[in-house]
Amino acid sequence: MSKRIKIMIAAVMLLCFFSGCQSGEEGEGAKVIDTYLAGTESVPAMGAEDGVEANESEPSAYAYIGLEDAGGSVGTYVERMTSEENGFWIVNKNLRKTEAPDFTEEKGWIYLAKESAEEEGKLFVLALEWSPSICTVVASIQDAPKGQEQASSDDEAESLTHMDTVEKIQGMQPSALGLDGTSMNEYNIYVRNGLIMVNGEACIWVEIYTDENSAHTNIPEGTYYLSRDGKRLYRLNRSDNTVQELKL
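Residues numbered from 1 in each chain as written. Predicted model: local features only at pLDDT ≥ 70, side-chain atom pairs only at ≥ 80, totals over all residues. Heavy atoms only, no water.

K.L.:
How should the pairing of strand β13 (residues 219-227) be read in this particular structure?
P.N.:
Residues in a regular strand project their side chains so that they alternate between the two faces of the sheet. Relative to β13, strand β12 (residues 201-210) is paired through eight bridges, and the arrangement is antiparallel. Residue pairing across strands places isoleucine 204 opposite leucine 226, the latter belonging to β13. As judged from the three bridges shared by β13 and strand β14 (residues 233-237), these two strands associate in the antiparallel manner. Of the residues in β14, the one forming a bridge with tyrosine 224 is arginine 235. What sits between the antiparallel neighbours β13 and β14 is a turn of five residues, in which glycine 230 has the positive phi angle 75 degrees. (Pairing = 2+ DSSP bridges. Helix = DSSP H or I, 4+ residues; strand = E, 2+ residues; numbered from the N terminus.)

Written out as structure tokens, the structure is:
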């Protein structure tokens with residue numbers, strides 16, 4: 001029996017501003033975000049003091065578009081939030097303490113976490129990812145791993161690139177993905193910018209389309225989330241916003 005896990009609705013709604021992110025244009029409704037919300041808790045938002053505007057798809061998912069130096073903006077925010085005043089620390093995808101990435105890189109991601117102010121054994125987590133002129137932020141409350149005080153970078157698995165992800169999906173049988181046909185060459189595979197939190201793990205967002213129609217236009221066939229190490233794959237059930245883990 002496949003395991004079904006509730007997905008974070010806020011992360012799924014990042015799709016609402018994907019087109020704007022790709023074009024480099026600010027979406028309608030952009031505004032200065034003062035705080036990031038997760039449950040009933042909040043923390044200071046990036047760029048609020050400088051009047052930087054963001055799109056908010058849900059009360060815990062945000063997108064900044066048109067940044068001159070996205071990595072630098074994230075680096076400045078991380079320095080601020082890891083100060084003694086704000087109390088965050090840098091963690092890996094398993095919420096274990098780790099080192100900061102290189103914010104001068106064109107693309108990158110980082111997690112920040114601190115103890116929840118309201119729930120014992122919980123963490124307030126910020127997942128940030130940047131690419132040229134774009135930054136997305138997702139806030140959430142998650143279970144703290146055991147032995148959180150023990151810093152470890154051993155849990156950091158090498159992340160798949162977009163090309164790796166496409167090749168992995170192309171190499172699967174359509175039936176394993178709940179699709180028709182005999183080869184994934186019959187489908188178009190796209191990797192979206194941004195990460196999706198599934199079962200407490202950051203996953204790569206994949207959309208699969210078919211153009212087998214008279215107009216040869218892309219028709220959605222499925223949304224999938226692949227763990228960054230390529231070991232777990234989930235399919236989104238849009239009817240109830242749950243995900244189903246598939247066998248690899």
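Right, picking up where we left off after that structure.
K.L.:
For this particular structure, what's the right way to read the environment of alanine 139?
P.N.:
Residue position: alanine 139 is located in strand β10 (residues 134-143). Taking the C-alpha atoms as reference, alanine 139 lies 9.8 Å from alanine 113; in sequence the two are 26 residues apart.

K.L.:
I keep staring at the environment of tyrosine 77 and nothing clicks. Help me out?
P.N.:
Tracing the backbone through its elements, the reader meets tyrosine 77 in helix α3 (residues 70-81). Of the residues examined, tyrosine 77 reaches a relative accessible area of 3% and is grouped as buried. Along the chain, tyrosine 77 and proline 44 lie 33 residues apart, while their C-alpha atoms are 9.6 Å from each other. Once residues lying within four places of it in the same chain are set aside, the contact partners of tyrosine 77 are Tyr36, Val43, Pro44, Ala45, Met46, Leu112, Leu126 and Leu128. (Buried < 20%, exposed > 50% of the residue type's maximum accessible area, 1.4 Å probe, protein only. Contact = heavy atoms within 4.5 Å.)

K.L.:
In this structure, what is going on with the side chain of serine 227? I would like to understand it.
P.N.:
Tracing the backbone shows serine 227 in strand β13. In this structure serine 227 comes out as buried when scored by relative accessible area, which is 0%. A distance of 2.6 Å separates a polar atom in the side chain of serine 227 from a polar atom in the side chain of aspartate 229. Residue contacts for serine 227: discarding those within four places in its chain leaves Leu160, Glu201, Ala202, Cys203, Ile204 and Arg232. (Polar contact = N/O pair within 3.5 Å; in protein donor to acceptor, adjacent residues only side chain to side chain.)

K.L.:
Could you clarify how one ought to interpret the nonpolar core in this entry?
P.N.:
Soluble globular proteins tend to bury their nonpolar side chains together. Core analysis: the largest hydrophobic core is formed by 27 residues, its most contacted members being Tyr36, Tyr64, Val74, Tyr77, Leu112 and Leu126. Of the residues forming this core, the biggest block, five residues, is contributed by α3. Val166, Leu179, Val191 and Ile208 belong to the second-largest nonpolar core, a separate cluster that totals 16 residues. (Core = buried A, V, L, I, M, F, W, Y, C linked by side-chain atoms within 4.5 Å.)

K.L.:
Looking at this structure, how should I read the packing of aromatic side chains?
P.N.:
Between two aromatic rings, the relevant description is the distance of the centres plus the angle of the planes. Throughout the structure, instances matching the rule amount to seven aromatic pairs. Seen in terms of ring centroids, tyrosine 36 and tyrosine 62 are 4.7 Å apart; in terms of plane orientation they differ by 45 degrees. Their pairing is tilted. In this pair, tyrosine 36 is assigned in strand β3 (residues 35-38) and tyrosine 62 in strand β6 (residues 61-65), connecting sequence segments 26 residues apart. For the pair shown, tyrosine 36 and tyrosine 62 are each scored as buried. With a centroid separation of 5.5 Å and 75 degrees between ring planes, the pair formed by tyrosine 190 and tyrosine 209 is classed as edge-to-face. One end of the pair, tyrosine 190, is in strand β11 (residues 188-198); the other, tyrosine 209, is in strand β12, and 19 residues separate them in sequence. The exposure class of tyrosine 190 is partly exposed, given its relative accessible area of 36%. A network of ring pairs unites the aromatic residues Tyr36, Tyr62 and Tyr77 as a single cluster. Over the ring of tryptophan 89 we find lysine 97, and its NZ or CZ is 5.1 Å from the ring centre. (Phe/Tyr/Trp six-rings, centres within 6.5 Å; stacked < 30°, edge-to-face > 60°. Lys NZ or Arg CZ within 6 Å of the ring centre and 35° of its normal.)

No statement about biological role is implied by the geometric values presented.
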